[in-house]
Amino acid sequence: QFNLTFNREKIMTTIAYKHKDGIVAFDSRLVAGGIIVTDERYKAKSNGECLFVFSGDVSDFEEFVKDYPNIDPNYHYQVQGALLKNGEVYHVSNDEGIFSEMLIDFDFAWGSGAEYAYTAMDCGLGAIEAVEKAKLRDIHTGGDVNHVLVVRDKELPL
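Description of the structure in this document. (Residues numbered from 1 in each chain as written. Predicted model: local features only at pLDDT ≥ 70, side-chain atom pairs only at ≥ 80, totals over all residues. Heavy atoms only, no water.)

Focus on the overall build of the chain
- When helices and strands are tallied, the chain shows three helices and twelve strands.
- When each of the 158 residues of the chain is scored for burial, the buried share is 47%.
- Summed over its atoms, the accessible surface of the chain is roughly 8600 Å², and 50% of this surface lies on carbon and sulfur atoms. (Helix = DSSP H or I, 4+ residues; strand = E, 2+ residues; numbered from the N terminus. Buried < 20%, exposed > 50% of the residue type's maximum accessible area, 1.4 Å probe, protein only. Areas by Shrake-Rupley, 256 points an atom, 1.4 Å probe, with all protein chains shown as cover.)

This is the structure in structure tokens:
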């Protein structure tokens, strides 16, 4: 008898938001268990109204983007991250099956390298540099550092 275990692909990542600069930065590493699948995954996705940058399960990320804003209350999306809409950044989480969305007007970080990104931003670095620093210590953060600019009081560039 064989016991097969399938490790779902995870976007174990570092996402950093520097409020003053209006920049959300994120790496491009995708992992499955302890294996690097690729360092070339672009982790921002639009549903036509919002831009999402998430950490977590890849298939749940796709489902969340497709379902938003009509989130299924019976489904536990294993995602967390930034939602950009109407020139604002929101913290999105589905901890313990309870969906929450909170406007962020301060620096914030998500994902496996969040602690490193917070420390870098506390030391005066911007979001892009914070993710670069997280890449040095977090094995689930790697590849290129991408970023999006939050255009306040205007339509977002999707």
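Now that the structure is up, let's keep going.
Remarks on helix H3 (residues 127–137)
- Of the positions making up H3, those classed as buried are Ala127, Ala130, Val131 and Ala134. Along the long axis of H3, the arc covered by the buried residues comes to 95°, so they all point the same way. (Arc of directions from axis to C-beta.)

Description of the pattern of salt bridges
- Evaluation of the coordinates by the stated rule reveals ten salt bridges.
- Here aspartate 21 and lysine 20 are joined by a salt bridge, their closest N and O atoms 3.7 Å apart.
- By relative accessible area, which is 33% here, aspartate 21 ends up partly exposed.
- For arginine 29, the salt bridge is made with aspartate 39, and the minimal N-O distance between the two is 2.7 Å. Of this pair, arginine 29 sits in the loop between strand S3 (23–26) and strand S4 (30–32) while aspartate 39 sits in the loop between strand S5 (35–38) and strand S6 (44–46), and the two are ten residues apart along the sequence.
- A cluster of three or more residues bridged by salt bridges with shared partners is formed by Arg41, Lys45 and Glu62. (Salt bridge = Lys/Arg side-chain N within 4 Å of Asp/Glu carboxyl O.)

Observations concerning the environment of serine 55
- As for its placement among the helices and strands, serine 55 is situated in strand S7 (residues 51–57).
- Given the relative accessible area of 6%, serine 55 is considered buried.
- When the C-alpha atoms of serine 55 and methionine 12 are compared, they prove to be 5.6 Å apart, with 43 residues separating the residues in sequence.

A few points about the pairing of S7
- S7 sits mainly inside the fold: seven of its seven residues count as buried.
- Strand direction decides the pairing type here: S6 and S7, joined by three bridges, are antiparallel. By the bridge assignment, alanine 44 is partnered in S7 with valine 53.
- Taking the residues that link successive antiparallel strands as the turn, the S6-S7 hairpin has four residues, and the phi of glycine 48 there is positive, at about 95°. (Pairing = 2+ DSSP bridges.)

Remarks on the environment of asparagine 146
- Mapping asparagine 146 onto the fold places it in strand S12 (residues 146–149).
- It is 5.6 Å that separates the C-alpha atoms of asparagine 146 and alanine 25, two residues lying 121 residues apart in sequence.
- Apart from residues lying up to four places away in sequence, asparagine 146 is in contact with Val24, Ala25, Phe26, Asp27, Ser28 and Tyr42. (Contact = heavy atoms within 4.5 Å.)

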